[in-house]
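Observations on the three-dimensional arrangement
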Amino acid sequence: MTDNIPLYSKVKNMTDNELTYAMNDIRETLKLYKVGTTYHKKLMQERDFILNKMSGEVVKEYIKIYMEEPK
């Protein structure tokens, strides 16, 4: 997953609002480029990094809410 270190680092440090904005922006931009083009592939890679980060945050929240030991 860390093949593209600059992109990975960029996404790793994004806030939730930035991630949401980036996903919406990528979704709209993907409509403008044909599948298989270089830029389309780059956008898909960034989308995958963002999805990975967002899913990790969801898992952390799930664990925090449902897996904590009772006090």
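Conventions used here
- Residues numbered from 1 in each chain as written.
- Predicted model: local features only at pLDDT ≥ 70, side-chain atom pairs only at ≥ 80, totals over all residues.
- Heavy atoms only, no water.
- Helix = DSSP H or I, 4+ residues; strand = E, 2+ residues; numbered from the N terminus.
- Buried < 20%, exposed > 50% of the residue type's maximum accessible area, 1.4 Å probe, protein only.
- Contact = heavy atoms within 4.5 Å.
- Areas by Shrake-Rupley, 256 points an atom, 1.4 Å probe, with all protein chains shown as cover.
- Phe/Tyr/Trp six-rings, centres within 6.5 Å; stacked < 30°, edge-to-face > 60°.
- Core = buried A, V, L, I, M, F, W, Y, C linked by side-chain atoms within 4.5 Å.
- Expected span 1.5 Å × (residues − 1).
- Arc of directions from axis to C-beta.

1. Examining the overall build of the protein chain
Scanning the protein chain for helices and strands turns up 3 helices and 0 strands. Mapped from its N terminus to its C terminus, the protein chain presents α and β elements in the order α-α-α. Looking at the protein chain residue by residue over its 71 residues, the buried ones come to 20%. The contacts of the protein chain with a sequence gap of at least 6 include a subset with a gap of at least 24, amounting to 60%. Just so you have it, the protein chain exposes about 5800 Å², and 56% of that area is on carbon and sulfur atoms.

2. Details of the packing of aromatic side chains
Across all of its chains, the model carries 2 aromatic pairs by this definition. Geometrically, the ring pair formed by Y62 and Y66 is tilted, given 4.9 Å between the ring centres and 40 degrees between the ring planes. Here Y62 pairs with Y66, and both are found in helix α3 (residues 38-66), just 4 residues apart, close to one helical turn. Taking the relative accessible area as the measure of exposure, Y62 reaches 47% and is therefore partly exposed.

3. Quick word on the nonpolar core
Counting 11 residues, the largest nonpolar core consists of L7, V11, M14, L19, A22, M23, I26, L30, L43, F49 and I50. Sorting the residues of this core by element identifies α1 (5-12), α2 (16-30) and α3 as the ones contributing at least two each. With 5 residues, the top contributor of residues to this core is α2. The residues contacting L7, other than those within four sequence positions of it, are Q45, E46 and F49.

4. Some points on α2
Over its 15 residues, α2 runs 21 Å from end to end, which matches the ideal 21 Å to within 8%, given 1.5 Å per residue. Taken together, the buried positions of α2 are L19, A22, M23, I26, T29 and L30. All buried residues of α2 fall inside an arc of 135 degrees around its axis, so they share one side. Opposite its buried face, α2 presents the exposed residues N17 and Y21, each directed more than 90 degrees away.

Read these as spatial facts, not as claims about activity.
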